[in-house]
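So you can see what is in the structure, the chains are spelled out below.
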Amino acid sequence: MTKKVLMLAAKANMIQQFNHRNIKILQDLGYEVHVATNMVDFGSMSAEENERFKQWMIDNNVIDHQVDFERRMGSLKGNIRSIRQLRQIFRENDFAFIHVHSPLGSILGRLVAKQFKVPTIYTAHGFHFFKGGPKSGWLFFYPLEWAFSFITDTLITINDEDYELAKKHMHAKKTIKNNGIGVDVIKAWDVSDEEKIIARKNIREELGIPNDAFLISSVGELSNRKNHKVVLEALKEMSSEQLQTIYYVIAGTGSNGNLLNKLADSFNFEKNFQLLGYRSDIHSINYASDVSIFPSFQEGLGVSGLDATVDGVYLIGADKRGIRDYIQPGKNGEVFSPNSPEELSRIIKGRLSRASTMSRQFDFLKRFDHANVDKVMLVVYRRYEQ
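Residues numbered from 1 in each chain as written. Predicted model: local features only at pLDDT ≥ 70, side-chain atom pairs only at ≥ 80, totals over all residues. Heavy atoms only, no water.

Colleague: Before we move on, can you summarise empty space enclosed by the protein with the specific residues and values?
Modeller: Under the definition given, this model contains three cavities of 30 Å³ or more. If you add up the space inside the largest cavity, you get close to 50 Å³. Around the largest cavity sit S218, V219, I282, N286, S292, I293, F294, S304, G305 and A308, which together line it. Contributing elements (two or more residues each) for the lining of the largest cavity: β8 (214–219), α13 (282–288), β11 (291–294) and α14 (303–310). Of the residues that constitute the lining of the largest cavity, the class distribution is five nonpolar, five polar and no charged. (1 Å grid on protein atoms, 1.4 Å probe; cavity = no way out; pocket = protein on both sides within 12 Å on 5 of 7 lines; lining within 4 Å. Points joined across faces, edges and corners; volume = space filled by probe spheres on them. Helix = DSSP H or I, 4+ residues; strand = E, 2+ residues; numbered from the N terminus. Nonpolar A, V, L, I, M, F, W, Y, C, P; charged D, E, K, R; others polar.)

Encoded structure:
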(Lines give C-alpha, C1' and ligand atoms only; values in the text may rest on other atoms or scores of the structure.)
Protein backbone atom coordinates (compact mmCIF):
# COMPACT_ATOMS: atom_id res chain seq x y z
CA MET A 1 0.00 0.00 0.00
CA THR A 2 1.24 3.49 -0.87
CA LYS A 3 2.57 5.47 2.08
CA LYS A 4 0.90 8.88 2.31
CA VAL A 5 1.89 12.05 4.15
CA LEU A 6 0.13 15.41 4.41
CA MET A 7 1.86 18.81 4.33
CA LEU A 8 -0.47 21.45 5.74
CA ALA A 9 -0.43 25.25 6.12
CA ALA A 10 -3.16 27.87 6.18
CA LYS A 11 -1.80 29.72 3.16
CA ALA A 12 -0.09 28.32 0.06
CA ASN A 13 2.88 30.69 0.41
CA MET A 14 4.03 28.75 3.51
CA ILE A 15 4.36 25.60 1.44
CA GLN A 16 5.80 27.40 -1.58
CA GLN A 17 8.43 29.32 0.38
CA PHE A 18 9.51 26.73 2.93
CA ASN A 19 8.73 23.20 1.81
CA HIS A 20 9.84 22.40 -1.73
CA ARG A 21 12.84 20.45 -0.47
CA ASN A 22 10.87 18.79 2.35
CA ILE A 23 8.41 17.49 -0.24
CA LYS A 24 11.26 16.06 -2.33
CA ILE A 25 12.80 14.41 0.76
CA LEU A 26 9.47 12.75 1.54
CA GLN A 27 9.06 11.58 -2.05
CA ASP A 28 12.58 10.13 -2.02
CA LEU A 29 11.52 8.16 1.07
CA GLY A 30 8.69 6.68 -0.96
CA TYR A 31 5.78 8.78 0.29
CA GLU A 32 2.88 10.03 -1.78
CA VAL A 33 2.82 13.69 -0.71
CA HIS A 34 -0.45 15.55 -0.26
CA VAL A 35 -0.72 19.30 0.38
CA ALA A 36 -3.68 20.91 2.16
CA THR A 37 -3.74 24.70 2.03
CA ASN A 38 -5.63 27.72 0.71
CA MET A 39 -4.61 28.22 -2.90
CA VAL A 40 -7.33 30.82 -3.53
CA ASP A 41 -6.41 33.23 -0.72
CA PHE A 42 -2.78 32.19 -0.98
CA GLY A 43 -0.93 34.62 1.30
CA SER A 44 2.17 36.77 0.75
CA MET A 45 3.16 35.90 -2.79
CA SER A 46 2.04 37.12 -6.18
CA ALA A 47 -0.71 35.49 -8.23
CA GLU A 48 1.98 34.50 -10.75
CA GLU A 49 4.01 32.77 -8.04
CA ASN A 50 0.89 30.97 -6.86
CA GLU A 51 0.23 29.68 -10.37
CA ARG A 52 3.86 28.57 -10.71
CA PHE A 53 3.58 26.73 -7.40
CA LYS A 54 0.40 24.94 -8.48
CA GLN A 55 2.12 23.92 -11.71
CA TRP A 56 5.17 22.75 -9.73
CA MET A 57 2.91 20.48 -7.67
CA ILE A 58 1.39 19.03 -10.85
CA ASP A 59 4.83 18.49 -12.41
CA ASN A 60 6.12 16.80 -9.25
CA ASN A 61 3.11 14.54 -8.61
CA VAL A 62 2.02 16.34 -5.44
CA ILE A 63 -1.68 15.89 -4.67
CA ASP A 64 -3.26 19.18 -3.61
CA HIS A 65 -6.38 19.80 -1.52
CA GLN A 66 -8.07 23.19 -1.32
CA VAL A 67 -8.97 24.12 2.27
CA ASP A 68 -10.64 27.49 2.83
CA PHE A 69 -8.47 28.63 5.73
CA GLU A 70 -9.15 32.26 6.60
CA ARG A 71 -6.62 34.98 7.40
CA ARG A 72 -4.80 35.22 10.71
CA MET A 73 -6.64 33.01 13.24
CA GLY A 74 -9.90 32.96 11.27
CA SER A 75 -13.51 33.18 12.44
CA LEU A 76 -15.44 30.51 14.30
CA LYS A 77 -17.61 29.82 11.25
CA GLY A 78 -14.64 29.75 8.90
CA ASN A 79 -12.61 27.47 11.16
CA ILE A 80 -15.50 25.02 11.50
CA ARG A 81 -15.70 24.90 7.69
CA SER A 82 -11.93 24.27 7.45
CA ILE A 83 -12.14 21.47 10.03
CA ARG A 84 -14.92 19.80 8.05
CA GLN A 85 -12.84 20.00 4.88
CA LEU A 86 -9.82 18.55 6.67
CA ARG A 87 -11.87 15.70 8.13
CA GLN A 88 -13.01 14.76 4.65
CA ILE A 89 -9.39 14.67 3.46
CA PHE A 90 -8.43 12.45 6.41
CA ARG A 91 -11.37 10.10 5.78
CA GLU A 92 -10.27 9.60 2.19
CA ASN A 93 -6.56 9.09 2.97
CA ASP A 94 -4.65 7.00 5.48
CA PHE A 95 -1.76 9.33 6.38
CA ALA A 96 1.34 7.97 8.10
CA PHE A 97 1.84 11.44 9.65
CA ILE A 98 1.27 15.10 8.88
CA HIS A 99 3.65 18.06 8.88
CA VAL A 100 1.91 21.32 9.83
CA HIS A 101 2.96 24.96 9.51
CA SER A 102 1.57 28.41 10.45
CA PRO A 103 -0.40 29.12 13.65
CA LEU A 104 -3.91 28.55 12.25
CA GLY A 105 -2.97 25.62 10.02
CA SER A 106 -1.04 23.92 12.79
CA ILE A 107 -3.87 24.23 15.31
CA LEU A 108 -6.67 23.00 13.07
CA GLY A 109 -4.41 20.36 11.53
CA ARG A 110 -3.39 18.98 14.91
CA LEU A 111 -7.00 18.94 16.11
CA VAL A 112 -8.12 16.80 13.19
CA ALA A 113 -4.99 14.62 13.27
CA LYS A 114 -5.66 13.88 16.94
CA GLN A 115 -9.20 12.74 16.07
CA PHE A 116 -7.83 10.36 13.41
CA LYS A 117 -4.87 9.26 15.59
CA VAL A 118 -2.30 10.52 13.07
CA PRO A 119 1.13 11.66 14.40
CA THR A 120 2.00 15.32 13.88
CA ILE A 121 5.21 17.22 13.12
CA TYR A 122 4.89 20.97 13.69
CA THR A 123 7.43 23.50 12.45
CA ALA A 124 7.10 26.79 14.34
CA HIS A 125 8.41 29.42 11.93
CA GLY A 126 9.02 31.80 14.82
CA PHE A 127 6.66 31.82 17.81
CA HIS A 128 4.41 34.89 17.92
CA PHE A 129 5.65 35.53 21.47
CA PHE A 130 9.28 36.37 22.14
CA LYS A 131 11.53 38.43 24.38
CA GLY A 132 10.70 42.08 23.92
CA GLY A 133 7.63 41.22 21.85
CA PRO A 134 4.10 42.61 22.36
CA LYS A 135 2.12 41.42 25.38
CA SER A 136 -0.72 40.40 23.09
CA GLY A 137 1.45 37.61 21.69
CA TRP A 138 2.11 36.22 25.15
CA LEU A 139 -1.54 36.55 26.22
CA PHE A 140 -3.03 34.91 23.11
CA PHE A 141 -0.49 32.75 21.30
CA TYR A 142 1.52 31.40 24.24
CA PRO A 143 -1.47 29.60 25.86
CA LEU A 144 -2.48 28.20 22.45
CA GLU A 145 0.99 26.87 21.65
CA TRP A 146 1.34 25.48 25.18
CA ALA A 147 -2.01 23.64 25.02
CA PHE A 148 -1.47 22.20 21.55
CA SER A 149 2.06 21.10 22.35
CA PHE A 150 0.49 18.24 24.33
CA ILE A 151 -0.82 16.74 21.05
CA THR A 152 2.38 17.33 19.07
CA ASP A 153 4.74 14.45 18.39
CA THR A 154 7.69 16.49 17.08
CA LEU A 155 8.08 20.25 17.50
CA ILE A 156 10.68 21.87 15.23
CA THR A 157 11.93 25.34 16.17
CA ILE A 158 14.18 27.40 13.90
CA ASN A 159 16.07 29.73 16.23
CA ASP A 160 17.88 29.50 19.56
CA GLU A 161 15.39 31.53 21.64
CA ASP A 162 12.35 29.53 20.53
CA TYR A 163 14.21 26.26 21.08
CA GLU A 164 15.14 27.11 24.67
CA LEU A 165 11.61 28.29 25.42
CA ALA A 166 10.06 25.17 23.86
CA LYS A 167 12.37 22.83 25.77
CA LYS A 168 11.46 24.54 29.03
CA HIS A 169 7.73 25.20 28.64
CA MET A 170 6.23 23.11 25.81
CA HIS A 171 5.22 19.44 26.01
CA ALA A 172 5.78 17.89 22.59
CA LYS A 173 7.10 14.34 22.71
CA LYS A 174 10.26 15.54 20.98
CA THR A 175 11.60 19.08 20.47
CA ILE A 176 14.42 19.83 18.05
CA LYS A 177 16.06 22.86 16.46
CA ASN A 178 16.73 23.13 12.76
CA ASN A 179 18.22 26.18 11.06
CA GLY A 180 15.19 27.36 9.11
CA ILE A 181 15.04 26.34 5.46
CA GLY A 182 18.74 26.99 4.97
CA VAL A 183 20.56 28.81 2.21
CA ASP A 184 23.08 27.56 -0.32
CA VAL A 185 26.22 28.50 1.62
CA ILE A 186 28.66 26.42 -0.40
CA LYS A 187 27.35 27.71 -3.73
CA ALA A 188 27.57 31.29 -2.45
CA TRP A 189 31.16 30.78 -1.40
CA ASP A 190 32.06 29.43 -4.83
CA VAL A 191 31.26 32.80 -6.43
CA SER A 192 34.57 34.49 -7.29
CA ASP A 193 35.56 38.04 -6.38
CA GLU A 194 35.73 38.78 -10.10
CA GLU A 195 32.08 37.77 -10.58
CA LYS A 196 31.07 39.88 -7.59
CA ILE A 197 32.96 42.92 -8.92
CA ILE A 198 31.18 42.63 -12.27
CA ALA A 199 27.78 42.31 -10.55
CA ARG A 200 28.60 45.28 -8.32
CA LYS A 201 29.48 47.41 -11.35
CA ASN A 202 26.37 46.38 -13.29
CA ILE A 203 23.92 47.01 -10.45
CA ARG A 204 25.43 50.39 -9.63
CA GLU A 205 25.30 51.44 -13.27
CA GLU A 206 21.66 50.33 -13.53
CA LEU A 207 20.68 52.25 -10.41
CA GLY A 208 22.81 55.31 -11.13
CA ILE A 209 24.96 54.88 -8.04
CA PRO A 210 28.61 56.01 -8.26
CA ASN A 211 31.19 53.27 -7.84
CA ASP A 212 32.81 55.08 -4.91
CA ALA A 213 29.52 55.78 -3.09
CA PHE A 214 28.61 53.98 0.14
CA LEU A 215 25.65 51.75 -0.68
CA ILE A 216 23.31 50.40 2.00
CA SER A 217 20.74 47.80 1.00
CA SER A 218 17.80 46.09 2.69
CA VAL A 219 15.60 43.28 1.45
CA GLY A 220 12.08 42.64 2.64
CA GLU A 221 8.42 43.55 2.53
CA LEU A 222 7.64 47.27 2.95
CA SER A 223 5.76 46.81 6.21
CA ASN A 224 5.84 48.00 9.80
CA ARG A 225 7.21 44.65 10.95
CA LYS A 226 10.19 44.87 8.60
CA ASN A 227 10.92 48.32 10.08
CA HIS A 228 12.84 49.88 7.14
CA LYS A 229 11.95 53.34 8.41
CA VAL A 230 14.50 53.06 11.23
CA VAL A 231 17.27 53.07 8.60
CA LEU A 232 16.02 56.34 7.13
CA GLU A 233 15.60 57.75 10.65
CA ALA A 234 19.23 56.78 11.34
CA LEU A 235 20.39 58.48 8.14
CA LYS A 236 18.43 61.58 9.11
CA GLU A 237 20.74 61.86 12.13
CA MET A 238 23.76 62.29 9.87
CA SER A 239 25.23 65.48 8.40
CA SER A 240 24.38 66.63 4.87
CA GLU A 241 28.06 66.19 3.98
CA GLN A 242 28.01 62.54 5.05
CA LEU A 243 24.75 61.90 3.22
CA GLN A 244 26.15 63.10 -0.10
CA THR A 245 28.06 59.85 -0.56
CA ILE A 246 25.48 57.48 0.99
CA TYR A 247 22.81 55.66 -1.00
CA TYR A 248 20.07 53.41 0.35
CA VAL A 249 18.00 50.90 -1.66
CA ILE A 250 15.26 48.50 -0.57
CA ALA A 251 14.22 45.45 -2.58
CA GLY A 252 10.67 44.48 -1.76
CA THR A 253 7.02 45.35 -2.17
CA GLY A 254 4.38 46.44 0.31
CA SER A 255 2.10 49.16 1.60
CA ASN A 256 4.71 51.40 3.26
CA GLY A 257 6.31 52.71 0.07
CA ASN A 258 4.75 56.19 0.26
CA LEU A 259 5.61 56.52 3.96
CA LEU A 260 9.26 55.68 3.27
CA ASN A 261 9.49 58.05 0.30
CA LYS A 262 8.01 60.90 2.38
CA LEU A 263 10.49 60.20 5.17
CA ALA A 264 13.40 60.38 2.71
CA ASP A 265 11.97 63.63 1.29
CA SER A 266 11.83 65.15 4.79
CA PHE A 267 15.63 65.42 4.95
CA ASN A 268 16.36 65.88 1.23
CA PHE A 269 17.56 62.29 0.75
CA GLU A 270 15.11 61.40 -1.99
CA LYS A 271 17.72 61.43 -4.78
CA ASN A 272 19.84 58.88 -2.92
CA PHE A 273 16.97 56.57 -1.94
CA GLN A 274 15.32 53.96 -4.17
CA LEU A 275 12.55 51.42 -3.71
CA LEU A 276 13.41 48.66 -6.16
CA GLY A 277 10.24 46.58 -5.90
CA TYR A 278 10.46 42.84 -6.34
CA ARG A 279 13.90 41.71 -7.53
CA SER A 280 15.12 38.30 -8.62
CA ASP A 281 18.80 39.36 -8.45
CA ILE A 282 19.20 39.81 -4.69
CA HIS A 283 22.67 38.26 -4.68
CA SER A 284 23.90 40.86 -7.19
CA ILE A 285 22.39 43.63 -5.05
CA ASN A 286 24.25 42.19 -2.07
CA TYR A 287 27.53 42.24 -4.02
CA ALA A 288 26.91 45.88 -4.94
CA SER A 289 26.41 46.86 -1.29
CA ASP A 290 28.88 48.04 1.32
CA VAL A 291 26.56 46.99 4.14
CA SER A 292 23.22 45.24 4.38
CA ILE A 293 20.78 46.27 7.10
CA PHE A 294 18.10 43.90 8.37
CA PRO A 295 16.08 45.96 10.88
CA SER A 296 13.03 43.71 11.36
CA PHE A 297 11.13 43.63 14.65
CA GLN A 298 10.19 39.96 14.28
CA GLU A 299 11.65 37.00 12.38
CA GLY A 300 11.64 33.24 12.67
CA LEU A 301 15.01 32.97 10.96
CA GLY A 302 15.32 35.85 8.51
CA VAL A 303 16.56 34.47 5.20
CA SER A 304 17.31 37.89 3.66
CA GLY A 305 19.85 38.73 6.33
CA LEU A 306 21.33 35.24 6.17
CA ASP A 307 21.70 35.51 2.39
CA ALA A 308 23.50 38.83 2.76
CA THR A 309 26.09 37.61 5.24
CA VAL A 310 26.69 34.38 3.30
CA ASP A 311 27.23 36.56 0.20
CA GLY A 312 30.01 38.30 2.11
CA VAL A 313 28.27 41.58 2.96
CA TYR A 314 28.76 43.18 6.38
CA LEU A 315 25.39 42.74 8.09
CA ILE A 316 23.85 45.19 10.55
CA GLY A 317 20.88 43.37 12.07
CA ALA A 318 18.21 44.01 14.66
CA ASP A 319 19.05 42.45 18.01
CA LYS A 320 16.13 40.03 17.76
CA ARG A 321 15.85 36.25 17.72
CA GLY A 322 16.03 34.85 14.23
CA ILE A 323 18.56 37.55 13.23
CA ARG A 324 21.21 37.53 15.93
CA ASP A 325 21.41 33.74 15.49
CA TYR A 326 23.74 34.25 12.50
CA ILE A 327 25.57 37.44 13.49
CA GLN A 328 28.79 37.26 15.48
CA PRO A 329 29.56 40.90 16.37
CA GLY A 330 32.97 42.03 15.19
CA LYS A 331 33.14 39.25 12.62
CA ASN A 332 30.36 39.24 10.07
CA GLY A 333 28.33 42.15 11.42
CA GLU A 334 26.77 43.96 14.37
CA VAL A 335 23.41 44.08 16.10
CA PHE A 336 21.41 47.11 17.21
CA SER A 337 18.12 47.89 18.92
CA PRO A 338 15.49 48.19 16.17
CA ASN A 339 13.91 51.02 18.17
CA SER A 340 17.09 53.12 18.21
CA PRO A 341 17.92 55.10 15.06
CA GLU A 342 20.65 56.82 17.09
CA GLU A 343 22.46 53.51 17.73
CA LEU A 344 22.11 52.48 14.11
CA SER A 345 23.39 55.86 12.94
CA ARG A 346 26.54 55.43 15.05
CA ILE A 347 27.16 51.99 13.55
CA ILE A 348 26.71 53.26 9.97
CA LYS A 349 29.11 56.15 10.64
CA GLY A 350 31.66 53.66 11.90
CA ARG A 351 31.48 51.73 8.62
CA LEU A 352 31.78 54.69 6.24
CA SER A 353 35.56 54.68 6.07
CA ARG A 354 35.88 50.89 5.79
CA ALA A 355 36.24 49.30 2.40
CA SER A 356 33.79 46.59 1.38
CA THR A 357 35.33 43.11 1.52
CA MET A 358 34.17 40.63 -1.07
CA SER A 359 35.25 37.27 0.36
CA ARG A 360 34.25 36.89 3.99
CA GLN A 361 33.61 33.27 4.87
CA PHE A 362 32.94 32.12 8.42
CA ASP A 363 32.75 28.44 9.30
CA PHE A 364 29.89 28.96 11.79
CA LEU A 365 27.61 29.83 8.85
CA LYS A 366 27.97 26.32 7.40
CA ARG A 367 25.30 25.02 9.76
CA PHE A 368 22.76 27.07 7.78
CA ASP A 369 23.60 25.29 4.51
CA HIS A 370 20.73 23.54 2.73
CA ALA A 371 22.46 20.18 3.02
CA ASN A 372 22.72 20.37 6.82
CA VAL A 373 19.11 21.52 7.19
CA ASP A 374 17.92 18.69 4.93
CA LYS A 375 19.88 16.10 6.95
CA VAL A 376 17.94 17.09 10.07
CA MET A 377 14.61 16.80 8.24
CA LEU A 378 15.57 13.40 6.85
CA VAL A 379 16.22 12.13 10.39
CA VAL A 380 12.88 13.56 11.58
CA TYR A 381 10.89 11.98 8.74
CA ARG A 382 12.60 8.59 9.10
CA ARG A 383 11.36 8.31 12.66
CA TYR A 384 7.85 7.85 11.26
CA GLU A 385 8.71 5.10 8.78
CA GLN A 386 6.72 1.97 9.45
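Colleague: Break down the pairing of strand β6 (residues 154–157) for me, citing the residues and quoting the values.
Modeller: Each regular strand carries side chains that alternate between the two faces of the sheet. Here β6 shows a buried face lined by T154 and I156 and a second buried face lined by L155 and T157. Here strand β5 (residues 120–124) runs beside β6; their pairing, made up of four bridges, is parallel. Directly across from T123, in β6, lies its bridge partner I156. In terms of strand pairing, β6 meets strand β7 (residues 174–177) through four bridges, oriented parallel. Bridge pairing in β7 places L155 opposite T175. At this point the chain moves from β6, through helix α7 (residues 160–169), to the parallel β7, and the crossover so formed is right-handed. (Buried < 20%, exposed > 50% of the residue type's maximum accessible area, 1.4 Å probe, protein only. Pairing = 2+ DSSP bridges. Right-handed = clockwise from strand over helix to strand, strands pointing away.)

Colleague: Please provide a residue-by-residue account of the packing of aromatic side chains, values included.
Modeller: The geometry of an aromatic ring pair comes down to the distance between the two centres and the angle between the two planes. Evaluated as defined, the whole model comprises 16 aromatic pairs. With a centroid separation of 4.9 Å and 10° between ring planes, the pair formed by F127 and F129 is classed as stacked. Looking at F129, the relative accessible area reads 1%, which means it is buried. Ring geometry for F362 against F364: centres 6.1 Å apart, planes inclined by 40°, an arrangement best described as tilted. F364 gets classed as buried once you look at its relative accessible area, which sits at 14%. Put simply, the rings of Y31, F97, Y381 and Y384 touch in pairs and so form one group of aromatic residues. (Phe/Tyr/Trp six-rings, centres within 6.5 Å; stacked < 30°, edge-to-face > 60°.)

On their own, these measurements won't tell you what the molecule is for.
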